[in-house]
Amino acid sequence: MDASVTLFGSLLACLGALGAALVAYLGKRGENALNGYSSLTEKLQSERDRLERQVAERDARLAELNALHAHDQTEIARLLIDNQRLGGTR
C-alpha cells in the first residue's frame, strides 16, 4: 500500500508540474500578445499626434493665406477705385 500511495503521489506531482508549465506557457503567450497590443497602440497614438500636428500646421498656413488673399482683394479694390478716379477704364 505504501508503494501505491507513493506512486499515486508521484503521478499527482507530475500532473501538477505539467499543469503549472501549461499555465506558465499560456500566461507568457498572453503577455506577449498584450505587449504587442501595447506597442501597436503606442505607434497609432504617435502617428495620430503627428497627423494632428500636420493638420494644425496646414490650418495655420490656410489662415495666413486667407489673410493675404483678403489683403490682396482690398488692394485690388483700392487700385480700381484710383484707376476710375483718374479716368481709366476697368
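We now turn to the structure provided with this report.

The rules behind each value
Residues numbered from 1 in each chain as written. Predicted model: local features only at pLDDT ≥ 70, side-chain atom pairs only at ≥ 80, totals over all residues. Heavy atoms only, no water. Helix = DSSP H or I, 4+ residues; strand = E, 2+ residues; numbered from the N terminus. Rg over C-alpha atoms; globule rule 2.2 N^0.38 Å. Buried < 20%, exposed > 50% of the residue type's maximum accessible area, 1.4 Å probe, protein only. Areas by Shrake-Rupley, 256 points an atom, 1.4 Å probe, with all protein chains shown as cover. Lys, Arg positive; Asp, Glu negative; His and termini not counted. Charge placed at Lys NZ, Arg CZ, Asp CG, Glu CD. Salt bridge = Lys/Arg side-chain N within 4 Å of Asp/Glu carboxyl O.

## What about the overall build of the protein?
In terms of helices and strands, the protein carries 1 helix and 0 strands. Its C-alpha radius of gyration of 38 Å places the protein more than 25% over the 12 Å reference for a compact globule of 90 residues. Here the C-alpha coordinates of the protein stretch approximately 125 × 15 × 10 Å along the principal axes. The burial tally for the protein puts 0% of its 90 residues in the buried class. Put simply, the protein shows about 8,000 Å² of open surface, and 64% of that area lies on carbon and sulfur atoms. Computed over 11 positive and 12 negative side-chain charges, the separation of the two mean positions in the protein equals 6 Å.

## A short note on the environment of Leu26
Mapped onto the fold, Leu26 is located in helix 1 (residues 2–85). For the pair formed by Leu26 and Tyr37, sequence separation is 11 residues and the distance between their alpha carbons is 16 Å.

## Details of the pattern of salt bridges
Tallying each qualifying case throughout the model produces 7 salt bridges. Here Arg58 ties to Asp59 by a salt bridge, and the two come within 3.0 Å at their closest N and O atoms. A salt bridge links Asp82 to Arg78, with the shortest nitrogen-to-oxygen separation between them at 2.9 Å. Of this pair, Asp82 and Arg78 are both found in helix 1, 4 residues apart, which corresponds to roughly one turn of the helix. Because the salt bridges share partners, they merge into one network encompassing Glu75, Arg78, Asp82 and Arg85.

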